[in-house]
Amino acid sequence: MRAVVQRVSRASVSVDGEVVGAIDEPGLLVLLGVTHTDTPAVADKLADKTWQLRILPGEVSCAETGAPLLVVSQFTLYADTRKGRRPSWAAAAPGPVSEPLVDAYVAALRSRGAVVSTGRFGAMMEVSGVNSGPVTLILDADA
């Protein structure tokens, strides 16, 4: 599982012009990708890492401040661009595998007390965020 985590002052995701998820205060925008070997345990581990990550102002975490998160699934995080000009998506897990794991990640965050908004799995989404800092990190988790 791979997450690109941005510290944001606000963020939203829209589908067909309708906002389906948003955070209107400082928090984290999480773009989340799933690969074939991921499991619910990996989702839980990455959720905990995200929740405890001390990247908010003052080196504090969402766990300490209650800052919200916006989680958006993004299979393109597993693109392989090493050959040619067209990315390969072979490392990205297909929807029937990845959707339950994205849901498990969100559920794991919520079980820890997080306020989480989400995008819509599999939809063409427009993601907007105001990166604060800027701070952007890549988190990888595996079994």
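A.B. asks: Residues and numbers for the environment of K49, please.
C.D. replies: Within the fold, K49 resides in helix α1 (residues 40-52). Residue classification places K49 among the partly exposed residues on the basis of a relative accessible area of 47%. In the structure, K49 is positioned 82 residues away from N131 in sequence and 20 Å away in space, judged by C-alpha atoms.

A.B. asks: Residues and numbers for the pairing of strand β2 (residues 18-23), please.
C.D. replies: Two elements, strand β1 (residues 2-15) and β2, share five bridges in a ladder whose sense is antiparallel. Bridge pairing in β2 links A11 to I23. Joining the antiparallel neighbours β1 and β2 is a turn of two residues, in which D16 adopts a positive phi near 50°.

A.B. asks: I'd like a rundown of the pattern of salt bridges, residues and numbers included.
C.D. replies: Here the structure, examined in full by the defined rule, presents five salt bridges. For the salt bridge of D140 with R2, the shortest nitrogen-to-oxygen distance reads 2.7 Å. Here D140 is found in strand β6 (residues 125-140), whereas its partner R2 is found in strand β1, with 138 residues between them in sequence. When its relative accessible area of 24% is taken as the criterion, R2 is described as partly exposed. Across the pair E64 and R54 runs a salt bridge, and its minimum N-O distance is 3.4 Å. Here E64, found in helix α2 (residues 62-65), pairs with R54, found in the loop between α1 and α2; they are 10 residues apart in sequence, far enough to count as distant. Take E64: its relative accessible area is 45%, and that puts it in the partly exposed class. Linked through salt bridges whose partners overlap, the residues forming this network are D44, D48 and R112.

A.B. asks: Residues and numbers for the packing of aromatic side chains, please.
C.D. replies: Summed over the entire model, instances satisfying the criterion amount to one aromatic pair. Here F75 and W89 contribute two aromatic rings whose centre-to-centre distance is 5.2 Å and whose plane-to-plane angle is 75°, an arrangement assigned as edge-to-face. Of this pair, F75 sits in the loop between β4 (69-73) and α3 (95-111) while W89 is found in the loop between β4 and α3, placing the two residues 14 residues apart along the sequence.

A.B. asks: Can you tell me about the layout of surface pockets, naming the residues and giving the values?
C.D. replies: Estimates place the volume of the largest pocket at around 340 Å³. As for the largest pocket, its lining consists of 20 residues, and the residues nearest its centre are S73, Q74, F75, A123 and M125. Taken together, the elements giving at least two residues each to the lining of the largest pocket come down to β3 (27-33), β4, α3 and β6. No other element matches the three residues that α3 contributes to the lining of the largest pocket. For the lining of the largest pocket, the class distribution of residues is 13 nonpolar, seven polar and no charged.

A.B. asks: Go over the side chain of D38 with me, naming the residues and quoting the values.
C.D. replies: Relative to the helices and strands, D38 resides in the loop between β3 and α1. Nearest to the buried, unbridged D38 among oppositely charged side chains is R2, at 8.7 Å. Here M1 takes part through its backbone nitrogen, which lies 2.6 Å from a polar atom of the side chain of D38. Of the polar contacts made by the side chain of D38, one reaches the backbone nitrogen of T35; its length is 2.8 Å. Residues within four places of D38 in sequence aside, it is in contact with M1, G33, Y78, L101 and A141.

Cut-offs used in this document
Residues numbered from 1 in each chain as written. Predicted model: local features only at pLDDT ≥ 70, side-chain atom pairs only at ≥ 80, totals over all residues. Heavy atoms only, no water. Helix = DSSP H or I, 4+ residues; strand = E, 2+ residues; numbered from the N terminus. Buried < 20%, exposed > 50% of the residue type's maximum accessible area, 1.4 Å probe, protein only. Pairing = 2+ DSSP bridges. Salt bridge = Lys/Arg side-chain N within 4 Å of Asp/Glu carboxyl O. Phe/Tyr/Trp six-rings, centres within 6.5 Å; stacked < 30°, edge-to-face > 60°. 1 Å grid on protein atoms, 1.4 Å probe; cavity = no way out; pocket = protein on both sides within 12 Å on 5 of 7 lines; lining within 4 Å. Points joined across faces, edges and corners; volume = space filled by probe spheres on them. Nonpolar A, V, L, I, M, F, W, Y, C, P; charged D, E, K, R; others polar. Lys, Arg positive; Asp, Glu negative; His and termini not counted. Polar contact = N/O pair within 3.5 Å; in protein donor to acceptor, adjacent residues only side chain to side chain. Contact = heavy atoms within 4.5 Å.

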